[in-house]
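A structural walkthrough
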Amino acid sequence: MTARKRTIAAVLVSAVLLGGAGGYGIVAWAGSQERRTGGNAVQAVTTDTAATGDRIVFRNTASGDGYGLVAFVPLADPAGERSVTAQACDRVYATTVVEMCLHIDRGIVTAFAATLRGADAAELRTWPLPGIPSRTRVSANSRLVAVTAFVTGESYGTVAFSTQTTISTIDGTDYGNLEDFALLVDGERITAADRNIWGVTFGSDDTTFYATAATAGRTWLVRGDLTARTLTAIRESAECPSLSPDGRHIAYKKVVTGTASPVWSIAVLDLETGVETLLPTPGNVDDQVEWLDDSTLLYGLARTDVVGDSDVWSISIDGASQPRLFIPHAWSPSVVRS
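The notes below deal with the structure included here. This structure is a prediction, so every number in the text was calculated from the model and none was measured.

With phi around 55°, Cys240 is a residue other than glycine that occupies positive phi space. Checked against the element boundaries, Cys240 lands in strand S19 (residues 239–243). Phi at His329 is positive, roughly 55°, even though this residue is not glycine.

We now examine the sheet that holds strand S1 (residues 44–46). Strands belonging to one sheet form pairs held by backbone hydrogen bonds; the direction of such a pair is parallel or antiparallel. The strand order across the open sheet built from five strands is S1-S4-S3-S2-S27, with neighbouring strands paired in mixed fashion. On the outer flanks of this sheet lie S1 and strand S27 (330–336), each paired with one strand and no other. Between one strand axis and the next, the sheet turns by 30° as a mean value, whatever way the strands run. Bridge analysis of strand S3 (residues 69–74) against strand S4 (residues 82–88) gives three bridges, and the strand direction is antiparallel. The residue bridging Leu69 from the neighbouring strand is Ala88, located in S4.

Let's shift gears to the sheet that holds strand S26 (residues 324–327). Taken in spatial order, the four strands of this open sheet run S23-S24-S25-S26, and their pairing is antiparallel. Every other strand in the sheet has two partners, leaving strand S23 (290–293) and S26 as the edge strands with one partner each. Taking the axes of each pair of neighbouring strands and ignoring which way they run, one obtains an average angle of 45° across the sheet. Taken together, the three bridges between S23 and strand S24 (residues 296–302) define a ladder with antiparallel strand orientation. Among the inter-strand pairings, Glu290 is bridged to a residue of S24, identified as Leu298.

All chains considered together, the criterion is met by one disulfide. Here Cys89 connects covalently by a disulfide to Cys101, the sulfurs 2.0 Å from one another. The S-S bond linking Cys89 to Cys101 shows a torsion near -120°; that makes this disulfide left-handed. Taken together, the positions of Cys89 in the loop between S4 and strand S5 (91–94) and Cys101 in strand S6 (residues 98–105) put the pair 12 residues apart, joining distant regions of the chain. Accessibility assignment for this pair places Cys89 and Cys101 in one class, buried.

Moving on, we come to the environment of Ala182. Here Ala182 lies in strand S13 (residues 182–185). Spatially, the C-alpha atoms of Ala182 and Leu231 are 5.9 Å apart, while their sequence positions differ by 49 residues.

On to the nonpolar core, then. Counting 23 residues, the largest nonpolar core has Met100, Trp127, Leu129 and Val147 as the members making the most contacts within it. Among the elements of the structure, S6, strand S7 (111–118) and strand S10 (144–152) are those that each provide at least two residues to this core. Apart from the residues lying within four places of it in its own chain, the contact partners of Met100 are Arg91, Val92, Tyr93, Ala114, Thr115, Leu116, Trp127, Thr136, Val138, Val145 and Val147. Counting residues in hydrophobic clusters, the runner-up holds 19 residues, among them Leu183, Ile190, Leu231 and Ala233.

The rules we used
- In every chain, residue numbers begin from 1 and rise along the written sequence.
- For this predicted model, a pLDDT threshold of at least 70 governs which residues receive local features, and a threshold of 80 or more governs which side-chain atom pairs are given and counted, while totals over whole chains, interfaces and linings are taken from all residues.
- In computing side-chain values, all of the structure's heavy atoms are included and hydrogens and water are not.
- By the criteria applied, helices consist of DSSP H or I runs no shorter than four residues and strands consist of E runs no shorter than two, each listed in order from the N terminus.
- A pair of strands is treated as paired once DSSP finds two or more bridges between them.
- Between the N-to-C directions of two axes lies an angle of 0 to 180 degrees, each axis being a line fitted to C-alpha atoms and, for a helix, fitted only over the stretch in contact.
- Cysteine sulfur atoms are paired as a disulfide whenever they come within 2.5 Å of each other.
- Only protein chains enter the accessibility calculation, which uses a 1.4 Å probe; a residue whose area is less than 20% of its type maximum is buried, one above 50% is exposed, and one in between is partly exposed.
- Buried residues of nine kinds, namely Ala, Val, Leu, Ile, Met, Phe, Trp, Tyr and Cys, make up a nonpolar core once their side-chain atoms join them within 4.5 Å.
- For this analysis, residues touch if any pair of their heavy atoms sits within 4.5 Å.

Here you go:
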């Protein structure tokens, strides 16, 4: 047994003895150490220079020292050499103005936090999260940011999970927990204690957004209004929406198999005609999709052969084209156009 493996074995034993949140932190640390070993499976270079130009920002999941760090590739060459930063994020979203990072700070006591940085990577503000990071999104005009974290559970496949989703302005004005907004389904206000709201995407103004609402085992795509503080259901069975740049389509996850152990695929809704197109995405898509352009989506898909690794795939919204590998060993993509 090597010295590294003896060290990992020791901390795993300590995790069993400690239990609780501390044990979770140690196990997570040990797992991250395993994934950090070995060389990178892709061409990569470390950088401390602020990113510029059209690019795709994502979480690097290639093995090695850059695992879990924010990386970017040129939009014109997504398969090319990636630049890996020093920022560790479990979920990231970027625009030309800011970068939003949700992170798990692993240690004897594990903490969860959100950090907003400027285009120069300088920290603008940071705040704690109630649990494991799930989703984040910045509006196209870089004025609003949404954050979702689990309060209980660690995935949407977990029975009786609970989330907290907030929207704030970049400068810190807080609109609060979206569960406090009025949820309207068929004109009736839903006040059930088990309601959850998550997966925000923003409209073209500073008022409109879309999100997922759930209660009693049902989910809806809802249109939100920050001024009226309302969430109005517009379609059932839709999760983690993403609005196209031209505002004509919304993509979202849709359960296609099972309820106790759901499997999600991607669907696209034409907001003018109401026509929904289910895309031929294999595997279980559990990522908030991103638009490469008005007719192409990007999404992260976990690898089944390596725990903690994933790839970013692309697919046309026509429903007739098969997905293709877009960026290997990557997760949580965001398209940044300068």
